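# Structure assessment
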Amino acid sequence: MSVDENWGPDASSVATHTGVAVFAVDTDRVVSYVNEPFLARYDHSQETVLGADYTVIEPWVADGFAELRGAIDDVARGVSNRSQASVVVTGTDGQQRRQTVTVTPVVDDGALAGALAVFRADESDSGTEDVSEMSQRYTTLVEQSRDGVTITQDRTNVFVNERFAQLLGYERQALCGESFLKPIAPSEYDLVERRYRKRIRGDEPSERYELELEQKDGTPLLVELNVTQIQYDGEPAVMATYRDITERKRREETLRQFRRAIETAPHSIFLTDSEGTIEYVNPAFEEVTGYSADAVLGRTPEILNSGEMRTELYEELWETITDGEVWEGYIVNRRASGDLYHAHETIAPITDDEGEITGFVAIQTDISERIERERLVDTLDRVLRHNLRNRLNVVEAHGTLIRTSDTADQSEHVDKILKSVDRLLETSQKGRELITFLSQPARDQPLDAAAIARDAVAAAREHKDECTISTDLPAAAHVSAVPELGDAIEELVRNAIEHNDREHPTVSVQVVNEEETVEIHVADDGPGISKMERQILDETADVDQLYHGSGFGLWLVYWIVRQSHGSLDIADRPDRGTVVTLSFDRVRRGDETA
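This one's a predicted model, so the numbers in the text were calculated from it and none came from an experiment.

What counts, and where the lines are drawn
Residues numbered from 1 in each chain as written. Predicted model: local features only at pLDDT ≥ 70, side-chain atom pairs only at ≥ 80, totals over all residues. Heavy atoms only, no water. Helix = DSSP H or I, 4+ residues; strand = E, 2+ residues; numbered from the N terminus. Polar contact = N/O pair within 3.5 Å; in protein donor to acceptor, adjacent residues only side chain to side chain. Contact = heavy atoms within 4.5 Å. Salt bridge = Lys/Arg side-chain N within 4 Å of Asp/Glu carboxyl O. Buried < 20%, exposed > 50% of the residue type's maximum accessible area, 1.4 Å probe, protein only. Phe/Tyr/Trp six-rings, centres within 6.5 Å; stacked < 30°, edge-to-face > 60°. Pairing = 2+ DSSP bridges. Axes fitted to C-alpha atoms, helices over the stretch in contact; angles between N-to-C directions. Core = buried A, V, L, I, M, F, W, Y, C linked by side-chain atoms within 4.5 Å.

## Side note on the side chain of Thr152
Structurally, Thr152 can be placed in strand E7 (residues 148–153). Among the polar contacts listed, one links the side chain of Thr152 to the side chain of Asn157, at a separation of 3.2 Å. With sequence-adjacent residues up to four places away left out, Thr152 is seen in contact with Asn157, Val158, Phe180, Tyr196, Ala237 and Val238.

## Considering the pattern of salt bridges
Scanning the entire structure with this criterion turns up 22 salt bridges. Residue Glu193 pairs with Arg155 through a salt bridge whose shortest N-O separation is 2.6 Å. Here Glu193 is found in helix H8 (residues 189–200), whereas its partner Arg155 is found in the loop between E7 and strand E8 (156–160), with 38 residues between them in sequence. According to the relative accessible area criterion, Glu193 is buried, its value standing at 15%. For Arg155, a relative accessible area of 34% gives the class partly exposed.

## Some thoughts on the packing of aromatic side chains
For the structure on display, the rule yields 10 aromatic pairs. Centroid distance Phe23 to Phe38: 5.6 Å. Interplanar angle 55°. Geometry classified as tilted. Of this pair, Phe23 sits in strand E1 (residues 21–26) while Phe38 is found in helix H3 (residues 36–42), placing the two residues 15 residues apart along the sequence. Given a relative accessible area of 0%, Phe38 falls into the buried group. Summarising the aromatic geometry, the rings of Trp60 and Phe119 are spaced 5.8 Å apart at their centres and angled 50° between planes, so their arrangement reads as tilted. Placement of the pair is Trp60 in the loop between helix H4 (46–49) and strand E3 (61–63) and Phe119 in strand E6 (residues 111–121), with a sequence separation of 59 residues. Of the two residues, Trp60 and Phe119, both sit in the buried class. Taken together, the ring pairs in this structure connect Phe23, Phe38, Trp60 and Phe119 into an aromatic cluster.

## Details of the sheet that holds strand E21 (residues 517–524)
Read across the sheet, 5 strands follow the order E18-E20-E21-E23-E22 without closing on themselves; strand pairing throughout is mixed. Each having just a single partner strand, strand E18 (468–472) and strand E22 (567–572) make up the two edges of the open sheet. Going from strand to strand, the sheet's axes swing by 15° on average, the running direction of each strand aside. Note that E21 and strand E23 (residues 578–585) share 7 bridges and pair antiparallel. Residue pairing in the sheet places Glu519 in a bridge with Ser583 of E23. Here helix H16 (residues 485–498) sits on the sheet in contact with E18, strand E20 (506–513), E21 and E23, set at roughly 20° to E21.

## Remarks on the pairing of strand E12 (residues 268–273)
The element E12 is largely enclosed, with a buried count of 5 among its 6 residues. Where E12 and strand E16 (residues 357–366) come together, 6 bridges link them in antiparallel fashion. From the neighbouring strand, Ile269 faces E16, where its bridge partner is Ile363. Bridging between E12 and strand E13 (residues 278–281) involves 3 bridges; their strand directions are antiparallel. For Thr272, the partnering residue across the bridge sits in E13 and is Ile278. The turn joining E12 and E13, which pair antiparallel and follow one another in sequence, is formed by 4 residues; a positive phi near 95° is taken by Gly276.

## Let's talk about the nonpolar core
Within the largest apolar cluster, 38 residues are counted, with the highest numbers of intra-cluster contacts made by Leu485, Val493 and Leu582. Contributions of two or more residues to this core are made by helix H15 (449–463), strand E19 (478–481), H16, E20, E21, helix H18 (551–563), E22 and E23. Listed in part, the 27 residues of the second largest apolar core include Val31, Ala71, Val89 and Val101.

Put into structure tokens, the structure is as follows:
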């Protein structure tokens, strides 16, 4: 940090034009400025002094350097606002002279930036004119400051610059000679009073904090206040600089609102740099993809690549956004679990004030459920049309036989027509149930699987009496599942009865509380579920598998379990029959045991 860059007119131009020797250090005690009189009198060059530790001047201080070092350290650390040291220095002529060094703070943009040391000969008061000139120049520069500045003594403003008056809407004379509390918002009085008293006693160093002022018309004004204790006309005083931070606060609040919006957005959002490296992801991204922020920061969106999309698509995407355009489209990504998901994605470039691309923002909406529902509804439509056509063909064929047959007994044809109509009605009913279920978003909730199984078994018994249904149910078994869980259990029980080739089918329903899950077992003694029907549980299975047997009902069960984030398993019993097991996350209540 150099004087030329940071102190500017606040110190360097003043020190340059005064006749006394002056040097300055920053808060790390590194020499950041020396004026020409200093270099001329003590035979130093800027190259040897600037950027060096201030102890570089020790060789020409014949006596008193320890005292000078203490004075500089106290001021540079903010412990003291003015300190003096008496030293003996050796000039270029070899003569030793005693001088008084006055050390005062250097303030940069309202904050303590270091210490300024001014050397004056003890035997001469010629420095009076220099110090007066320095004070006059400093006052002129304070008047030109973009910040408001006040100097207060005995709780009264003894100096107010024009900028401070403008900030508050006052004339300067209306503030000079008034209490320093006049422009302070009443709510801040106690805080300012306490700090003022501490500072006058020397209990507090220079500090910066935010404060609310009150303009002449009563409008609040938020400022950043920096205060420091100084000497003014030979007496202790407090200098305060006030910077209007209204616009900065407005921008900060806008940024906070923007961040809150991103953090709470239901859409997956991530930001990258101009090279595509991920720099930020919101919580929805973590939830949708299964990746934590730590796992993806510093990586590229390639981590989501499913391999399902054309390579050319990504090339087109990158070309579009690097040209400054917005890309929008549908993609298939892969979650951390390995599962695929469908998303609608929009990617836009982020530019700076010059229009240069500094990064990209991507917004993804997970549309997997929508795509899934659309696919299933389309499948159901084709199934219903297929079954309707097949069954009507059967009805038509037997109706034709009845019309053309000479046989008096047509009961066989009538039975087949009625059976076809029943099957058609059953398929239609199950199709409607499935469409209704799939048309609604998944909505897991705590349910008592034991109570639901009890009701489902009762409903199945009403459907057919010639069967035996045994149950093994705990008092309660709370799970997280969709409300249609009862439909799934009833469908399994009815399917086990209706497709059983025994005259008197036997079915058992058992609910078991495991440590982390609840399992529901539905077992029968029938011929078992065919391989073709079991393939319905494979998402890639051909839709024709639904056209036969119990597939439609089993498909409904499968999607109820899937929407509940559970699992379904079908196994053969050792002797004869099938066991269908449904597993769901357990929701433990306070009165439950494993």
